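# Residue-level structure breakdown
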Amino acid sequence: MEHALSPATLSELRRPRPYPAVSVLTPTHRREPDNAQDPVRLRNVMTEAKKQLEADPAVTRERRTDVLQQLDRAVSEVDLAHAEDGLVIFAAPGEHQVWSLARTVPERVVLSDTFLTRNLVAAQASERPFWVLSVAADRVTLWNGGGGHVVEDHTGGFPLVRGRENFDAERQEQIGDMPSTFRDEGTRRFLRDADTVLASVLRENPRPLYVTGETAALSLLDELGTVTKEATHIPHGGLAHGSAEAVWQTIRPLINAEERKGAVEVARELETALGRKEFAAGVDEVWHSATEGRVRLLAVEENYRVTVRDDGDHLVPAESGDLDSREDIVDEIVEQCLETGAEVRFVPDGSLRDAKGIAGVLRY
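Residues numbered from 1 in each chain as written. Predicted model: local features only at pLDDT ≥ 70, side-chain atom pairs only at ≥ 80, totals over all residues. Heavy atoms only, no water.

## A few points about the overall build of the protein chain
In terms of regular secondary structure, the protein chain is built from ten helices and 16 strands. Seen through its principal axes, the protein chain has C-alpha atoms that stretch 80 × 60 × 40 Å. Going through the 364 residues of the protein chain one by one, you find that 48% of them count as buried. In the protein chain, the proportion of contacts linking residues at least 24 apart, taken out of those at least 6 apart, comes to 66%. Of the roughly 18000 Å² of accessible surface on the protein chain, 47% is carried by carbon and sulfur atoms. When the 43 basic and 63 acidic side-chain charges of the protein chain are each reduced to a single mean position, those positions are 2 Å apart. (Helix = DSSP H or I, 4+ residues; strand = E, 2+ residues; numbered from the N terminus. Buried < 20%, exposed > 50% of the residue type's maximum accessible area, 1.4 Å probe, protein only. Contact = heavy atoms within 4.5 Å. Areas by Shrake-Rupley, 256 points an atom, 1.4 Å probe, with all protein chains shown as cover. Lys, Arg positive; Asp, Glu negative; His and termini not counted. Charge placed at Lys NZ, Arg CZ, Asp CG, Glu CD.)

## Let's talk about the sheet that holds strand β11 (residues 279-281)
The mixed open sheet is built from four strands, whose spatial order is β11-β16-β12-β15. Two strands in the sheet have a free side with no partner beyond their single neighbour: β11 and β15 (343-347). Across the sheet, the mean angle separating the axes of adjacent strands is 15° when strand polarity is ignored. Inspection of the sheet shows strand β12 (residues 295-301) paired to strand β16 (residues 358-362) by five bridges, in the antiparallel sense. (Pairing = 2+ DSSP bridges. Axes fitted to C-alpha atoms, helices over the stretch in contact; angles between N-to-C directions.)

## Notes on helix α8 (residues 244-275)
Taking 1.5 Å as the rise per residue, α8 with 32 residues should run 46 Å; its terminal C-alpha atoms sit 45 Å apart, in good agreement. The largest bend along α8 reaches roughly 40° and is located at I251, with the proline P253 sitting one to four residues downstream. Among the residues making up α8, those that are buried are V247, W248, T250, I251, I255, G262, V266, L270 and A273. Once α8 ends, the next one or two residues include K277, with phi positive near 60°. (Expected span 1.5 Å × (residues − 1). Bend = angle between axes of the 7 residues up to and from the residue.)

## Details of the packing of helix α9 (residues 283-291) against helix α10 (residues 329-339)
For the pair α9 and α10, interaxial distance at closest approach is 9 Å and the crossing angle is 30°. Classified by the angle between their axes, α9 and α10 sit roughly parallel to one another. The element α9 and its partner α10 pack so that their crossing is left-handed. In this structure, α9 uses V283, V286, W287, A290 and T291 to contact α10, whose residues at the interface are I329, E332, I333, Q336 and C337. Grouping the constituent residues of the contact of α9 with α10 by class yields seven nonpolar, two polar and one charged. (Parallel < 35°, antiparallel > 145°, perpendicular 65-115°, else oblique. Left-handed = near helix turned anticlockwise from the far one by under 90°. Nonpolar A, V, L, I, M, F, W, Y, C, P; charged D, E, K, R; others polar.)

As structure tokens, then:
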């Protein structure tokens, strides 16, 4: 199952497909007893997807057979034992993808000529993704972080491993052949190459960057690096060969501190915007501002969800399952704001009580 949404991946997902491009969404659960319902819900929503394909006169028999096979293959790849909060399945002629999201999604099936991506975009924004680079003299590992965990990432060919011929740092130090591992020319060249590869990764998928390693390694990166020079350095060795859990426990205090600092900064910006009358609050007001491209900063409580319908002039409350109801309007707003260049910040639940869960700082 896929987890990390890069700009290049999102662009590929948004390109037009031969009809039908099927998007299947269902909420999932991480823990018992709620996760006991996940297999049944998945089976039911897949049955609905197949029913819609069978009933659609615009779908040729050949394409129907192809997409049905793709859906079956996708289901075989679903790992509900390691589910997060939402599951999205995409299937079109000749292809399928399975996405696990750390944000809940409404249960729905959509047949179109493009995949439904707004829930992926909102989930990615809510996870506040970041990179961690763990450096040693013989190995550089890249970790993909966000949503309360990190996983090893192989983008750009990571991990980078230095050849072991003529490289035995411990022995060389013992016999005096090498005064310092990180003054060795081979190590310098190795880390310079790692910085170059990382620069390419960041061009394709820019995120905040943390770098872990021994103090000597971080000092060398300061001297040699380009992108790593601007990163947050954490003097902690051993993580280039370590586990994802060890990396997360090392980085976690910094992430938590930055999230608290960010929430305070967002509250301050909202208060200033209110005084300047550059402020929108509530889902209806924010939606209208977002569609006009006026939102500069969007603030959303982490678990804020609301179901609405459009009465022609405003978004009004609705029940889930109502005709024309929009259960993922918050995700629509998030995607729309990102599309128009706004900054999107998720804040702790209860932070936006006066704004009813969602607020924006306006450009004008």
